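Inside the fold
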Amino acid sequence: MKIICCVKQVVDTNLQIGLTKDGKDIDRGNLTFVMNPYDEFALEESLRIKERLGAAEVTLVTYGRSRAEEVLRTGLAMGADRAIHIVDESVIFRDPLLTARILAKAIGALPFDLIFCGRQAVDDDGFQVGASLAVLLGIPEISLASKVTISEDRKKVTVDKNVEGGTKLIFECPLPVLITAQKGLNEARYASLPGIMAAKKKPVQTIKVEELGLDLSDSVELAEMTLPKLERRQQIFEGEAKVIVPQVVKLLKEEAKVL
Amino acid sequence: MTEDDPLAYLRGEISEEKRESSSQSGPYRCIRVFVDSMAGRLNRTSRQAITCGLNLKAELGTRLEAILINGGGELPKEISLFGMDEVAVLRIQEVVSSRTLTEQLYEFLSKREHGIALFPASRLAYDIAPRLSQRFGAGLVSDVESFFLNASAGTLEMSHRTVLGRMMETVVASTGRSPFAILKENAFTEASADKKDPTPICDVGG
C-alpha cells in the first residue's frame, strides 16, 4: 500500500511572534520551526497503518522553502520511507488554493492508495488544502477523522468523524481517498535515535516549484498583517443574580463573542 | 455610478460593451449566503451569516441571495423574512458525499452570476466551501471576522486570525475573482426574521 502524507513546516507557536516592518510577514529572525501539529497526527496515522499492514510505504510531501527539509527529516526519523520537497524560496504568503494545485501536480505523478493531511496549518489556519487537493486529484475526502480502519483486503477504509451536536458519522469508502487528521486521532510519536540516524540515509527528492510548469498566480493576496487589538473593558453589574446573569450571558454572546 | 468608479465595475454596473469585452465580469455583482439547517431549524451560525450578508448588501448595494439545501417545512418561508432579494432552495438527495454535493452545487451555481459566497461556520461549510472554491478557482478565506470595503482600491478586504489567533491577516481576492469566505462563529450577530414582505422563494430541483 502506498501512503502519502502532506506535511508543512510552521512557526513554533509557543514562541513570541512579531511582525516585519512592512507588515507583510511574521518576523522569522529568532523563531524556530516545527512540523505542523495536525500533520504530526496525519503522519502518525500513516505510520500506524504501515505497521499494521506490514507491506506499505509512507512518502512525505512538503511545499516550502529550503529549510522545510527539516520537517521531512523529522518525518523520516519517525518512520516514513521517502520524501518529496517542492522548493519555493519566494513563498511568504501562499493562497491555499495554489498550494493545493502545487501539491496535486507533484502527487498526481505518484502511485497512491491513501493520502493524509492535517486539518489545518497553524500558521495560516486555512482549513482548505486537504479538500482542495482531493478535488484536484479526483478522489473522495473525509475530513476530521477521529478513527481510521483499513479493511482486511486493503481496498476500503472506514473513518469515524465527530460532528456538531455530538453526532458521530461513520464513512466507508473505497481507496484511494484523502483523509484529514485532527487532534484526538492518535498521539504522535517522538523520533527515536536509531530513527534519526536512519533518516539521514533516506531519499529526499527535491523539485523546484517552477519545474512543475504551473501558473503560480494567487487567487487571494495578502494586504497586511497586524497584531489583533486587545481591548480591556470592565463593567460592574449590580443587582440580583437572576437579573444580572442573563445580561452577562447576552454580553458575552453578542459583544465579547466568546459564547 | 460611473465607469470610473471601481465599485461600479465590481458590481458589474458597466456598459454592456465593456462587460462583454472584459474578462472581469463584476465579481461583487451578487452576494450569496449558504444557509444550513439541523432538525428543521436554521443554524445559529447561518443566522450570523445572514447578518453578514445583509451588512455587505447595504455597503455594496448589490443583490443578496440565500441558498438553502434541502430545507423543508417552514424553513424557506422563515428565511424569506430576513430581507434578502431571493431565497433559492436546492433539492438534493438527502445522503450524499461531499464530492457529489459539491458537483451539484457547482452545476447549480455555474448557471448563476458570479458573486461573493458566504458560508456559515458549520460542517457543511468546512467540507464544501474548499471544494467549491477550488472548482471555481475562487479564493477562499476561512474564519473571516470582518470585511472592509476599500473603495479607493476597489477591493473587499477580509480579515481573519492566523498563527493560532495571534496575528490578524487581511486578505483580498485577486483582481476579477469573487471571494469565498467561511465566517467565524460569533463574529456576527444573529439576524432576525422580522420583515413584513417575504422575499421570493425559488425552488430548484436537484
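Owing to the predicted nature of the structure, the values given are computational and were not obtained by experimental measurement.

Reading guide: rules and limits
- Residues numbered from 1 in each chain as written.
- Chains lettered and ligands numbered in written order.
- Predicted model: local features only at pLDDT ≥ 70, side-chain atom pairs only at ≥ 80, totals over all residues.
- Heavy atoms only, no water.
- Contact = heavy atoms within 4.5 Å.
- Buried area = accessible area lost by both parts, 1.4 Å probe.
- Salt bridge = Lys/Arg side-chain N within 4 Å of Asp/Glu carboxyl O.
- Polar contact = N/O pair within 3.5 Å; in protein donor to acceptor, adjacent residues only side chain to side chain.
- Helix = DSSP H or I, 4+ residues; strand = E, 2+ residues; numbered from the N terminus.
- Nonpolar A, V, L, I, M, F, W, Y, C, P; charged D, E, K, R; others polar.
- Pairing = 2+ DSSP bridges.
- Axes fitted to C-alpha atoms, helices over the stretch in contact; angles between N-to-C directions.
- Parallel < 35°, antiparallel > 145°, perpendicular 65-115°, else oblique.
- Left-handed = near helix turned anticlockwise from the far one by under 90°.
- 1 Å grid on protein atoms, 1.4 Å probe; cavity = no way out; pocket = protein on both sides within 12 Å on 5 of 7 lines; lining within 4 Å.
- Points joined across faces, edges and corners; volume = space filled by probe spheres on them.
- Phe/Tyr/Trp six-rings, centres within 6.5 Å; stacked < 30°, edge-to-face > 60°.
- Buried < 20%, exposed > 50% of the residue type's maximum accessible area, 1.4 Å probe, protein only.
- Lys NZ or Arg CZ within 6 Å of the ring centre and 35° of its normal.

Time to look at the interface of chain A and chain B. Between chain A and chain B, the contact holds 47 residues from the first and 39 residues from the second. Between chain A and chain B lies a buried interface of about 3700 Å² when both sides are counted; carbon and sulfur atoms form 54% of it. The interface formed by chain A and chain B includes 2 salt bridges. Linking chain A to chain B there are 13 residue pairs in polar contact (both at pLDDT 80 or more). Counting only elements with at least two residues in the side of chain A that touches chain B, the list comes to α3 (96-107), α4 (129-137), β7 (141-150), β8 (156-163) and β12 (220-226) of chain A. In terms of residue count, the dominant contributor to the side of chain A that touches chain B is β12 of chain A (7 residues). In terms of residue class, the side of chain A that touches chain B is made up of 24 nonpolar, 11 polar and 12 charged.

Residue and element names in this part refer to chain A. Judged by pairing direction, the sheet is mixed, and its 9 strands sit side by side in the order β9-β8-β7-β10-β6-β1-β4-β5-β11 without closing on themselves. Both edges of this open sheet fall to β9 (167-174) and β11 (204-208), since each of them pairs with a single strand only. Averaged over neighbouring strand pairs, the angle between their axes works out to 30 degrees when direction is ignored. Inspection of the sheet shows strand β5 (residues 82-87) paired to β11 by 5 bridges, in the parallel sense. Residue pairing across strands places His85 opposite Thr206, the latter belonging to β11.

Turning to the packing of α3 of chain A against α4 of chain A, a few remarks are in order. Residues and elements named next belong to chain A. Put simply, α3 and α4 touch, their axes get as near as 8 Å, and they point 45 degrees apart. Considering the angle they form, α3 stands oblique to α4. Handedness of the α3/α4 crossing: right-handed. Contacts from Pro96, Leu97, Thr99, Ala100, Arg101, Leu103, Ala104 and Ile107 of α3 reach α4 at Val129, Ser132, Leu133, Leu136 and Leu137. Class assignment for the residues of the contact of α3 with α4 results in 10 nonpolar, 2 polar and 1 charged.

Let us now look at empty space enclosed by the protein. Considering all chains together, one arrives at 2 cavities of 30 Å³ or more under this definition. Roughly 720 Å³ of volume is contained in the largest cavity. Together, 43 residues line the largest cavity, and Lys8, Gln9, Ala121, Asp123 and Asp124 of chain A are the ones closest to its centre. Per-element accounting of the lining of the largest cavity gives the leading share, 4 residues, to strand β4 (residues 57-64) of chain A. Computed from the structure, the second largest cavity encloses a volume of approximately 80 Å³. Along its surface, the second largest cavity is lined by Phe93, Pro96, Asp124, Gly126, Gln128 and Val220 of chain A together with Leu140, Val141, Ser142, His160, Glu169 and Val171 of chain B. Of all elements in the fold, only β7 (140-150) and β9 (167-173) of chain B reach the threshold of two or more residues within the lining of the second largest cavity. The biggest single contributor to the lining of the second largest cavity is β7 of chain B, with 3 residues. Across the lining of the second largest cavity, the residue classes break down as 6 nonpolar, 4 polar and 2 charged.

The tally for this structure, following the rule as stated, stands at 7 aromatic pairs over all chains. Look at Phe136 of chain B and Phe180 of chain B: their rings are 6.2 Å apart centre to centre, the planes differ by 50 degrees, and that puts the pair in the tilted class. Here Phe180 of chain B lies in strand β10 (residues 180-183) and Phe136 of chain B lies in helix α6 (residues 123-136), a separation of 44 residues in the sequence. The exposure class of Phe136 of chain B is partly exposed, given its relative accessible area of 31%. In this structure Phe180 of chain B comes out as buried when scored by relative accessible area, which is 6%. Plain terms: the ring middles of Phe147 of chain B and Phe188 of chain B are 6.5 Å apart, the flat faces sit at 35 degrees to each other, and that makes the pair tilted. Here the residue Phe147 of chain B occupies a position in strand β7, and Phe188 of chain B occupies one in the loop between β10 and β11 (201-204), the gap between them amounting to 41 residues. We note that Phe147 of chain B, like Phe188 of chain B, is buried. By the ring-pair criterion, three or more aromatic residues cluster together here, those being Phe34, Tyr106, Phe119, Phe136 and Phe180 of chain B. The ring of Phe33 of chain A has Arg67 of chain A lying over it, and the distance from NZ or CZ to the ring centre is 3.9 Å. Over the face of the ring belonging to Tyr106 of chain B we find Arg135 of chain B, whose NZ or CZ atom lies 3.9 Å from the ring centre.

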